[in-house]
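Chain by chain, the residues run as shown.
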Amino acid sequence: MAAPKVAVVGAGVVGLSTALCITETCPSCSVTVLSDQFSPNTTSDAAAGILIPHTYPGTPIHVQKQWFKETFTYLFAISNSAEASEAGVHLVSGLKATGVQIYTRKVADLWELHSEYNVVVNCTGIGARQLVGDEKLFPVRGQVLKVHAPWVKNFIRDGDGLTYIFPGIHRVTLGGTREKNNWSLAPDPGTTKDIFDRCCSLEPSLQGAQDIKVKVGLRPSRQHVTLQREVLSQGGVKLPVVHNYGHGAGGFSVHRGTAKEAARLVGECIAALQGSSSRAKL
Ligand SMILES: Cc1cc2nc3c(=O)[nH]c(=O)nc-3n(C[C@H](O)[C@H](O)[C@H](O)COP(=O)(O)OP(=O)(O)OC[C@H]3O[C@@H](n4cnc5c(N)ncnc54)[C@H](O)[C@@H]3O)c2cc1C
C-alpha cells in the first residue's frame, strides 16, 4: 500500500492536535487538514485555554484522568521549553513544517472524501451534530471578552467558575457564560456589560482595560467524548473513520490525551487496510 492518505476534518484545538499526533505516530502517512474555519474563528479561539478537569459523566474516570495527565505533561514540557512564549501561536505553521497540507473546505458528508483519502478523522466539534447527525451533541454557548490589560498577572475565578479573569500571553480573558442549547454566535451587548461589571467587581483595575473584543463559542457538549472507529460503507466500498469530538467545556484540558488515542485508532485502521490489501494480492 502506498503512503496512507489521512484527512482530518476540523482545525480547532482537537483537529490540529490530532493531525500532529498522527504525523508523530505514522510518519509514512500523508496528512491533510480540511476545515471550513481556522483560527481565529473556531470555538477553540474563544477559550481561555485553562487546564482544569471537567467531567464527562459517560466516560470512565480513569480514562478522563489519563487524557488530562497526558495533556498536562505535554503542555508542562512546552511551558518549560525555550519556545514557551510562542507555544500555541504557531500550531498551524508548525503542522505545515511537518508536511501536513491544510485546505479550506466545508465537508457536507464524510463519504465525499472516500475517493481521495484512506482514513478520515472527524474533529468537527459542534459541527458534528450536522455532519454526522449526532443529536446527543448540544451547544453550551460561552461569551467572553478578550482585553488588553497587561498589568493583570494573576488569575481569579469565582466560586462556581462563571466569572473569571485569566491572563494570557497577549490578552486577558474575562468570562463568562454557560448557555445550554443556545446556538447564537452573535455577541450579546447586555451580556458583554454584565461580564465586564462582574469582572471589575473582582478586579477594579480592569476599568482601565483597553481594546475590548467579544468572542462567542459553542462548547461541543455530550455525555462523553465520541472517540471511536467506524467503517462507512456504500456499494461494497468502505471508508474507515475515526471520530474525535464532543469535548464540551474541557477541550483544552484533554486535547493531547484524546489526540493520542485518535492517532492510535488511525493506526489500527491503517493496519486493517494493509492487512486486507496484502490478502487481496495473495
Ligand atoms: C468561552 C469558552 C471558554 C472555554 N474555556 C476553556 C478552558 O479554559 N479550558 C478548556 O479545557 N476548555 C475550554 N473551553 C472548551 C474548549 O474551547 C472546547 O472544548 C474546544 O475548543 C473544542 O475544540 P474542537 O477542536 O473540538 O472544536 P472547534 O474549536 O469548534 O473546532 C471545530 C473545527 O471543525 C470545523 N468544522 C466543523 N464542521 C465542519 C464541516 N462540516 N466541514 C469542515 N470543517 C468543519 C470548524 O470550522 C472548526 O475548525 C471553552 C469554551 C468556550 C466557548
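The following refers to the structure shown. Given the structure is predicted, the values throughout are model-derived calculations rather than measurements. In every chain, residue numbers begin from 1 and rise along the written sequence. Since the coordinates come from a predicted model, pLDDT governs what is reported: local features require at least 70, and pairs of side-chain atoms require 80 or more to be given and counted, while whole-chain, interface and lining totals use all residues.

## Things to note about the overall build of the protein chain
Okay, step 1: Strands here are runs of E lasting at least two residues and helices are runs of H or I lasting at least four, both read from the DSSP assignment and numbered beginning at the N terminus. Counting secondary structure elements, the protein chain contains seven helices and twelve strands.
Okay, step 2: Here the globule rule is a power law, 2.2 Å times the number of residues to the power 0.38, and the radius of gyration is based on C-alpha atoms. Radius of gyration (C-alpha) of the protein chain: 20 Å, near the 19 Å computed for a compact globule of 282 residues.

## A few points about the nonpolar core
Okay, step 1: Counting residues in each nonpolar core, the largest one holds 61 residues, and the members touching the most others are Val6, Val120, Val121 and Val266.
Okay, step 2: Ranked by the residues each element gives to this core, the list is headed by helix H7 (residues 251-281), at eight residues.
Okay, step 3: Taken domain by domain, this core gets at least three of its residues from each of domain 1 (5-136 + 222-281) and domain 2 (139-220).
Okay, step 4: Contact between two residues is assigned when their C-beta atoms, built from the backbone, lie within 7 Å. Contact partners of Val266, with chain neighbours within four places excluded, come to Val6, Ile22, Cys26, Val119, Val121 and Val242. Each nonpolar core consists of buried Ala, Val, Leu, Ile, Met, Phe, Trp, Tyr and Cys residues. Their C-beta atoms, within 7 Å, join them into a set. Residues with at least 20 neighbouring C-beta atoms inside 10 Å of their own are called buried, those with 12 or fewer are called exposed, and the rest are partly exposed, where every C-beta is derived from the backbone. Note that the domain bounds were set by an automatic or database domain assignment.

## Here's the deal with unusual backbone geometry
Okay, step 1: Of note, the bond from Ser39 into Pro40 is cis; its omega dihedral lies within 30 degrees of zero at 15 degrees.
Okay, step 2: Cis peptide bonds are those with omega within 30 degrees of zero, and the linkage from Gly175 to Gly176 qualifies with -5 degrees.
Okay, step 3: Here Gly176 lies in the loop between strand S8 (172-175) and strand S9 (179-180).
Okay, step 4: The backbone phi angle of Asn181 is positive, close to 60 degrees, even though this residue is not glycine.
Okay, step 5: Secondary-structure assignment places Asn181 in the loop between S9 and helix H6 (189-202).
Okay, step 6: Judged by local crowding, Asn181 falls into the exposed class, with 9 C-beta atoms found within 10 Å.
Okay, step 7: A positive phi is found at Asp211, a non-glycine position, where the angle reads about 50 degrees.
Okay, step 8: When you line up the elements, Asp211 lands in strand S10 (residues 210-221).

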